[in-house]
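# Working through the structure, step by step
The primary structure of each chain is shown beneath.
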Amino acid sequence: MSFALVVMRRVVRRLLIVQVILTLIIALSYLVLQNSDGLFAAFYGGSITLSGTLLMAWRIGRAAEVASIERQQRYIEIYIGAIQKFILTLVLMALGMGYLKLDPLAILISFAVTQLSFIANKVDTSYVPVKK
Amino acid sequence: MEAMALVYGYTAIAVGIILAAAGLGSALGWGLICSKFLEGIARQPEMRPQLMGQMLFTGGLMEAFPMIVLGMAMWFVFANPFAAAVQASVGG
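Residues numbered from 1 in each chain as written. Chains lettered and ligands numbered in written order. Predicted model: local features only at pLDDT ≥ 70, side-chain atom pairs only at ≥ 80, totals over all residues. Heavy atoms only, no water.

## A short note on a nonpolar patch on the surface
All names here are of chain A. A cluster of nonpolar side chains, namely Tyr79, Ile83, Phe86, Ile87 and Val91, defines an oily patch on the protein surface of about 490 Å² accessible area. Tracing the backbone shows Ile83 in helix α3 (residues 71-99). Judged by relative accessible area, which is 40%, Ile83 ranks as partly exposed. (Patch = residues over 30% accessible without salt bridge, like charges linked within 9 Å, V, L, I, M, F, W, Y side chains within 5 Å. Areas by Shrake-Rupley, 256 points an atom, 1.4 Å probe, with all protein chains shown as cover. Salt bridge = Lys/Arg side-chain N within 4 Å of Asp/Glu carboxyl O. Helix = DSSP H or I, 4+ residues; strand = E, 2+ residues; numbered from the N terminus. Buried < 20%, exposed > 50% of the residue type's maximum accessible area, 1.4 Å probe, protein only.)

The structure is reproduced here in structure tokens:
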């Protein structure tokens, strides 16, 4: 496993934990301040961000795998991942607001706050692999 | 009825402008991030793995804002708050 992939996996794991914690905080706040409808909507908003992060993590892992075969392919994989994330967000938002009729503001607030978890995240590059 | 059609029409135009602005901002952001990434590699090629990680997560942070804007646009499309306000004022 390359050093870049080790760093990426570490950062993605931390990012996912922060996003789950933020989703729970917002969902519980909605439950306390409003009702269970707000709770579900907030959970849904947080899960949109979580699914986007999981998709990104999967794509980065795939990019690292194919990079050993062809270096240029890595960037194509990352680019495809960005497009997929955009479409996934679009579809899940439409599903939640249009079809499931969940509270749009709760979805949006939960989604926005969990997206901002990227600010709290730092890339730890302290580990240096030993060369054989 | 005509008022509702106006609200939906103007909302559609607003959503188009919002998404275009978000797309432009995202494209500019990615361009800047990738150019600095390439500059960094050109200066210090041994820093490539660290810079790659930093680039992707700075990109993730930058991408968060267009995604939030996308969410707002979806709100206007699928649960239009302006249409609800007009309906309430006409009905009430």
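Still to come is the rest of the account.
## Regarding the packing of helix α4 (residues 104-115) of chain A against helix α2 (residues 48-78) of chain B
Viewed as axis vectors pointing N to C, α4 of chain A and α2 of chain B meet at an angle of 175°, and their least axial separation amounts to 10 Å. What the angle tells us is that α4 of chain A and α2 of chain B run roughly antiparallel. When α4 of chain A is examined against α2 of chain B, the residues Pro104, Leu105, Leu108, Phe111, Ala112 and Gln115 of chain A are found in contact with a partner set consisting of Ala64, Met67, Ile68, Gly71, Met72 and Trp75 of chain B. Residues that form the contact of α4 of chain A with α2 of chain B fall into these classes: ten nonpolar, two polar and no charged. (Axes fitted to C-alpha atoms, helices over the stretch in contact; angles between N-to-C directions. Parallel < 35°, antiparallel > 145°, perpendicular 65-115°, else oblique. Contact = heavy atoms within 4.5 Å. Nonpolar A, V, L, I, M, F, W, Y, C, P; charged D, E, K, R; others polar.)

## A look at empty space enclosed by the protein
The method is simple in principle: a probe with the dimensions of a water molecule rolls over the atoms, and the space it marks as empty is what remains. Applying the stated criterion across every chain, the model contains two cavities of 30 Å³ or more. Taken as a whole, the largest cavity spans an internal volume of roughly 190 Å³. Listing elements by their share of the lining of the largest cavity, those giving two or more residues are α2 (36-67) and α3 of chain A together with α2 of chain B. Element by element, the count of residues in the lining of the largest cavity is highest for α2 of chain B, at five residues. For the lining of the largest cavity, the class distribution of residues is seven nonpolar, three polar and three charged. (1 Å grid on protein atoms, 1.4 Å probe; cavity = no way out; pocket = protein on both sides within 12 Å on 5 of 7 lines; lining within 4 Å. Points joined across faces, edges and corners; volume = space filled by probe spheres on them.)

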